[in-house]
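One-letter residues, chain by chain:
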Amino acid sequence: MTAPLLRIEGLSKRFGGLAVTDAVSLEVRAGEIHALIGPNGAGKTTLINQVSGALAPDAGRILFAGRDITRLSMPRRVRAGLARTFQVTCILPGFSVLENVALAAQARDGSSFRFLRPSAGEDRLNRAALEALAAVGLAHRAAAPAGALAHGEKRQLELAIALATRPRLLLLDEPLAGAGPEETERLIALLGRLRADYGVLLVEHDMRAVFALADRISVLVYGRVIATGAPPEIRANPEVRAAYLGEDEA
Amino acid sequence: MRERAVPLLLFAALAAAPFLGFGEGYALTLLARAMILGMAAVGLALLVGGAGLVSLGHAATLGVGAYAVVALDANGIVEGALVLPVAIGAAALFALATGAVSLRTSGVHFIMITLAFGQMAFFTASSLAAYGGDDGYTLYARTELGGTRLLEDRLVFHYACLGLLALVFLFCRAALAARFGRVLRAARENPLRVRAVGFDPYPYRLLACVIAGAIGGLSGVLLANATEFVAPSYLSWQRSGELLFMVILGGLGSLHGAILGALAYVLLEEWLSHLTEHWRMVFGPLLVLSVLFFRGGLAGLLAPRRR
């Protein structure tokens, strides 16, 4: 049994009197899509923020590839191989699509304290960026300004940026949010292909996507994990049905 | 092509100016002043336009450079090979120390804290009794180059300023296009995005402050030489505001805009002050109108139109 890629132990975070993350423990293995579901306000994004380093937890530990990263800054975690996408699209609208991704490739390619050579002409960075764009099916838009992309394309771009940091684990915060039906199909197929190379912690509201993609699912309600298991187990779990799935079917 | 053509024409015009009616002593002095302030403005444009860091204390770096010249002059040292590195180093160090603190803040707080550091430098200069205090300090002579008095010659000084301005401009432009500048520009657009791909913007921004500070120091040396006089007013916050204004007037989108802005500012100020005693009444509204109607600044007016 190999050690899990990501291991969260007893993570807690309070905002005033409210426990948004309440002693959460979970694991993501390499090659696994671990979905995190739960009703609005359950603390899913807050959890992602703590794992990615955007927010410091009050208690608990985060282990990544066996190393304690609880106190590491976000840039350091990314360089260790932990990449994330954002629920609200986070790109550089004034940069070209290619340069958005090339910046991520640059972070993985030696020093950036270089002053004379134009970065736009660096073949190695551009090739790596194009590769990541091709992986998400956005290579044909490389020259477009990122701000001019359609919403679904921006979601793809976020993914390409995350891939270009050469991660081992992807934290995906609602990658399907706001995507149209066709885009959703494309993105689901894409996420399915990612499984082969990365561990994925997936926060998603689209239950069809979650049950199609996830190897395991954890259900978060009021900051607590009330169940973890394979999709059929979660579907059958009465507590989960009461707390969450029932809402959709009612 | 035209993106390169405008700065090229600008430098060609500055090179030809002494033979096109700007050859008289006073006109040359005015142009030198514009080029020197333009140099400081290019450094500031790297910060404001490139990194998105609006500093209201940039004149302090000019002041540190100028007062380094004064301090060495008072001790009988006028050799450029010594004066230049000392002055530039002092200004860079000042920028490093103040930048390290200022960069802990952002937005309006950054503006206010740079203003505060600028004022501290201003009052320090005012209290330097040995260097004239409020009254300032008259240099005995211009900085020497290898023991020669080359810089005393107006034409030589003009081309020295022009050459250094070109060097500063080319370096800043290259740095902004290179990896370093890409991180700076990205962090200006969206710092979270930059952190989320693995860069901490802080060291890049700090180095940008140091580069701008070093350029400010160099301009300070030249300004002290141009007027052969240094006073605390070099470091006043009004001077910082003027520099910021040159950058905005010229256009935040390009570095040569800062030079255009400085030229326009200095020449307009000169021309208006000849027309009327109340020239500021005209100058102020003109500046407001130019910002309102030339969004891309002077450089934007000359740039190719995008469809």
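Residues numbered from 1 in each chain as written. Chains lettered and ligands numbered in written order. Predicted model: local features only at pLDDT ≥ 70, side-chain atom pairs only at ≥ 80, totals over all residues.

Participant: What am I meant to see in the sheet that holds strand β2 (residues 18-28) of chain A here?
Facilitator: Strand pairing in a sheet relies on backbone hydrogen bonds, with the paired strands running either antiparallel or parallel. Residues and elements named next belong to chain A. Read across the open sheet, the 4 strands follow the order β2-β1-β4-β5; overall the sheet is antiparallel. Every other strand in the sheet has two partners, leaving β2 and β5 (67-68) as the edge strands with one partner each. Where strand β4 (residues 59-64) meets β5, 2 bridges bridge the pair, whose relative direction is antiparallel. Paired with Leu 63 across the two strands is Asp 68, which belongs to β5. The strands touched by helix α1 (residues 44-52) are β1 (6-15), β2 and β4; relative to β2, the strand with the most contacts, the crossing angle is about 60°. (Pairing = 2+ DSSP bridges. Helix = DSSP H or I, 4+ residues; strand = E, 2+ residues; numbered from the N terminus. Contact = placed C-beta atoms within 7 Å. Axes fitted to C-alpha atoms, helices over the stretch in contact; angles between N-to-C directions.)

Participant: Where do I start with the interface of chain B and chain A in this structure?
Facilitator: Often the size quoted for an interface is simply the accessible area lost on bringing the parts together. The interface is formed by 19 residues belonging to chain B together with 27 residues belonging to chain A. Sorting elements by how many residues they give to the side of chain B that touches chain A places helix α7 (residues 179-189) of chain B first, with 6 residues. Taken together, the residues of the side of chain B that touches chain A sort by class into 11 nonpolar, 2 polar and 6 charged. (Nonpolar A, V, L, I, M, F, W, Y, C, P; charged D, E, K, R; others polar.)

Participant: Where do I start with the pairing of strand β7 (residues 169-173) of chain A in this structure?
Facilitator: In regular strands, side chains alternate between the two faces of the sheet. Residue and element names in this part refer to chain A. Counted residue by residue, β7 has 5 buried out of 5 residues, so it is predominantly covered. Here β7 shows no split at all, with Leu 169, Leu 171 and Asp 173 on one side and Leu 170 and Leu 172 on the other all buried. Pairing of strand β6 (residues 82-85) with β7 involves 4 bridges; the strand directions are parallel. Bridge pairing in β7 places Thr 85 opposite Leu 172. Relative to strand β8 (residues 199-203), β7 runs parallel, the two being bridged by 5 bridges. Residue pairing across strands places Leu 169 opposite Gly 199, the latter belonging to β8. In terms of handedness, the path from β7 via helix α6 (residues 181-194) over to β8 forms a crossover that is right-handed. (Buried ≥ 20, exposed ≤ 12 C-beta atoms within 10 Å, placed from the backbone. Right-handed = clockwise from strand over helix to strand, strands pointing away.)

Participant: It is not clear to me how helix α5 (residues 108-126) of chain B should be interpreted in this structure. Could you clarify?
Facilitator: Within an α-helix, residues lying three or four positions from one another point in the same direction, as the helix has 3.6 residues per turn. All names here are of chain B. For α5, spanning 19 residues, the distance from its first C-alpha to its last is 27 Å, which sits close to the expected 27 Å at 1.5 Å a residue. Among the residues of α5, Phe 110, Thr 114, Phe 117, Gly 118, Ala 121, Phe 122 and Ala 125 are the ones counted as buried. With its buried residues spanning 145° around the axis, α5 presents them on a single face. In α5, the exposed positions that point more than 90 degrees away from the buried face belong to Val 108, His 109 and Phe 123. Looking at the buried side of α5, the elements it contacts are α3 (59-74), α4 (80-102) and α10 (237-250). (Expected span 1.5 Å × (residues − 1). Arc of directions from axis to C-beta.)

Participant: How do you make sense of the packing of helix α2 (residues 25-50) of chain B against helix α9 (residues 201-227) of chain B when you look at a structure like this?
Facilitator: When two helices pack together, their arrangement is given by the angle between the helix axes and the distance between those axes. Residue and element names in this part refer to chain B. Across the interface, α2 lies against α9 with an axial gap of 9 Å and an inter-helix angle of 170°. Here α9 runs roughly antiparallel to α2, going by the angle between their axes. Across the interface between the two elements, Thr 29, Ala 32, Arg 33, Ile 36, Met 39, Ala 40, Val 42, Gly 43, Leu 44, Leu 46, Leu 47 and Gly 50 of α2 pack against Ala 208, Cys 209, Ile 211, Ala 212, Ile 215, Gly 216, Leu 218, Ser 219, Leu 222, Leu 223 and Ala 226 of α9. The residue makeup of the contact of α2 with α9, split by class, is 17 nonpolar, 5 polar and 1 charged. (Parallel < 35°, antiparallel > 145°, perpendicular 65-115°, else oblique.)

Participant: It is not clear to me how the environment of Gly 132 of chain B should be interpreted in this structure. Could you clarify?
Facilitator: Note that Gly 132 of chain B resides in the loop between α5 and β1 (137-138). Between the C-alpha atoms of Gly 132 of chain B and Val 230 of chain B, which are 98 residues apart in sequence, the distance is 9.1 Å.

Participant: Explain the pairing of β1 of chain A to me, please; I cannot follow it from the model alone.
Facilitator: All names here are of chain A. Across 5 bridges, the pairing between β1 and β4 is antiparallel. Across the sheet, residue Leu 6 finds its bridge partner in β4, namely Phe 64. When β1 meets β2, the two strands line up antiparallel, connected through 7 bridges. Bridged to Lys 13 within β2 is Thr 21. As consecutive antiparallel partners, β1 and β2 are separated by 2 residues, and within that stretch Gly 16 has a phi angle of approximately 65°, a positive value.

Participant: Sorry if this is basic, but what is going on with the UniProt feature "transmembrane region" (unreviewed entry) in chain B here?
Facilitator: Residues and elements named next belong to chain B. The sites that carry the UniProt feature "transmembrane region" (unreviewed entry) are, in the present numbering, residues 31-53, 84-103, 110-131, 156-181, 202-223, 243-268 and 280-303. Counted over residues 110-131, helix gives 77% and strand 0%. Its end C-alpha atoms are 31 Å apart. As annotated, residues 280-303 comprises 83% helix and 0% strand, and the C-alpha atoms at either end are separated by 29 Å. (UniProt positions renumbered as here; feature names shortened; annotations may be inferred.)

Participant: Can you help me understand the sheet that holds β7 of chain A in this one?
Facilitator: Residues and elements named next belong to chain A. Across the sheet, 6 strands lie side by side as β6-β7-β8-β3-β9-β10; this open sheet has mixed pairing. Of all the strands in the sheet, the pair left with one neighbour each is β6 and β10 (224-229). On average, each strand axis in the sheet is inclined to that of its neighbour by 15°, with strand direction left out of account. Lying on the sheet, helix α5 (residues 151-164) is in contact with β6 and β7; it crosses β6 at an angle near 170°.

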